[in-house]
Amino acid sequence: MRIVIVTGMSGGGKSTAIRMLEDSGYYCVDNLPTPLIEKFIELCIENHEVKKVAIGVDVRAGHPFGDVPKQLEHLRNNGYVFDILFMDASENMLLNRYKESRRIHPLAPEGRIEDGIRLEREILGEMKRISSCIIDSSNLLVRDLKTEIDRIFVHNEESRSLIVNIVSFGFKNGILIDGDLIFDVRFLPNPYYIDELKFKTGNDQEVRDFVMAQKGADEFLTKLTDMVNFLIPAFISEGKYQLIIGIGCTGGKHRSVTLANGLYDHLKDNKKYLIKVSHRDILK
């Protein structure tokens, strides 16, 4: 029987992940007190029709959550085999999700949401450390999360421990504040000043051909790809789960979009990490 323990930060996507597992044929139960996990698994094993089980566990359960890793280790010692999925998100994203939903953080019912988030991350530190799969949902669309959940827990493929987000942007609209690596491509001639290209974007072949025909563009893309491929294993070894690469030009419509798409094309076939590309300012 396939058993998945789903946990993580409140607002990190745990409930969404459980619903996706349920849609994929898992028998799911959320917010189960951990002392009942072993008994629940025993009952599922006795019911031979249940082949896949997902159990949601989080800080709402009303017991000392710091004991949960020990309880799960006890289950492993008793011969149970299971995966632990930890759903996470950045501090800013968690805060925004709480503000948008107007929910109260379970660890700060009368205080600031930021305090609840910090306390919860501290409590869940050990749980995150022992997790077999960590998914950062900060910049994942629902369909991207569904794809990753199915890939790991339905098709039994290896977990990709890093999500790489390539984001084009325009400096005149402000730098990409959450970027880990920022590259400036304003050294290339600007298609904006070419009448037939002015109102097109880097998603159009004419703009892409113009940009990549400029001196240094192809070499820059080759060197950038080599550097990113060199850096990614180091980020993974340091425990990073999300890497945001910003590529900026003046307006974020032509050069940065072209180079961001080009980098994506060079990296997208790697099966060890998830690659996404987006264009922050293309419609501005």
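Residues numbered from 1 in each chain as written. Predicted model: local features only at pLDDT ≥ 70, side-chain atom pairs only at ≥ 80, totals over all residues. Heavy atoms only, no water.

**Q** Honestly, the pattern of salt bridges in this entry has me stumped. Any pointers?
**A** When the charged atoms of two side chains lie near each other, side chains of opposite charge can form a pair. Inspection of every chain in the model, using the stated rule, returns 20 salt bridges. Salt-bridge contacts for D58 lead to K14; the nearest nitrogen and oxygen are separated by 2.9 Å. Residue D58 is located in the loop between β3 (52-56) and α3 (68-77), and its partner K14 is located in helix α1 (residues 14-23); the two are separated by 44 residues in the primary sequence. Using a relative accessible area of 6% as the deciding quantity, one classes K14 as buried. Residues E114 and R112 are paired through a salt bridge, measuring 3.3 Å at the closest nitrogen-oxygen approach. Each of D88, E91, R121 and K128 takes part in a single network of salt bridges with overlapping partners. (Salt bridge = Lys/Arg side-chain N within 4 Å of Asp/Glu carboxyl O. Helix = DSSP H or I, 4+ residues; strand = E, 2+ residues; numbered from the N terminus. Buried < 20%, exposed > 50% of the residue type's maximum accessible area, 1.4 Å probe, protein only.)

**Q** Looking at this structure, I do not really get the packing of α1 against helix α7 (residues 142-153). What am I missing?
**A** In contact at an axis separation of 10 Å, α1 and α7 are set at 55° when each is read in the N-to-C sense. Judged on the interaxial angle alone, α7 and α1 are oblique. As for the relative orientation of α1 and α7, their crossing is right-handed in sense. Contacts between α1 and α7 involve T16, A17, M20, L21 and D23 from the former and V142, L145, K146, I149 and F153 from the latter. (Axes fitted to C-alpha atoms, helices over the stretch in contact; angles between N-to-C directions. Parallel < 35°, antiparallel > 145°, perpendicular 65-115°, else oblique. Left-handed = near helix turned anticlockwise from the far one by under 90°. Contact = heavy atoms within 4.5 Å.)

**Q** When you look at the nonpolar core in this model, what are you seeing that I'm missing?
**A** Generally speaking, a soluble globular protein has its nonpolar side chains buried in company with each other. Core analysis: the biggest nonpolar cluster contains 30 residues, and I5, I37, I55, L72 and F82 have the highest contact counts within it. Elements that contribute at least two residues to this core include exactly β1 (2-8), α2 (37-46), β3, α3, β4 (83-88), α4 (91-101) and α5 (113-123). No other element matches the four residues that α2 contributes to this core. Residues within four places of I55 in sequence aside, it is in contact with V4, I5, V6, V29, L32, I37, F40 and I41. Formed by 26 residues, the second largest nonpolar core is a distinct cluster that contains V164, I166, F183 and L243. (Core = buried A, V, L, I, M, F, W, Y, C linked by side-chain atoms within 4.5 Å.)

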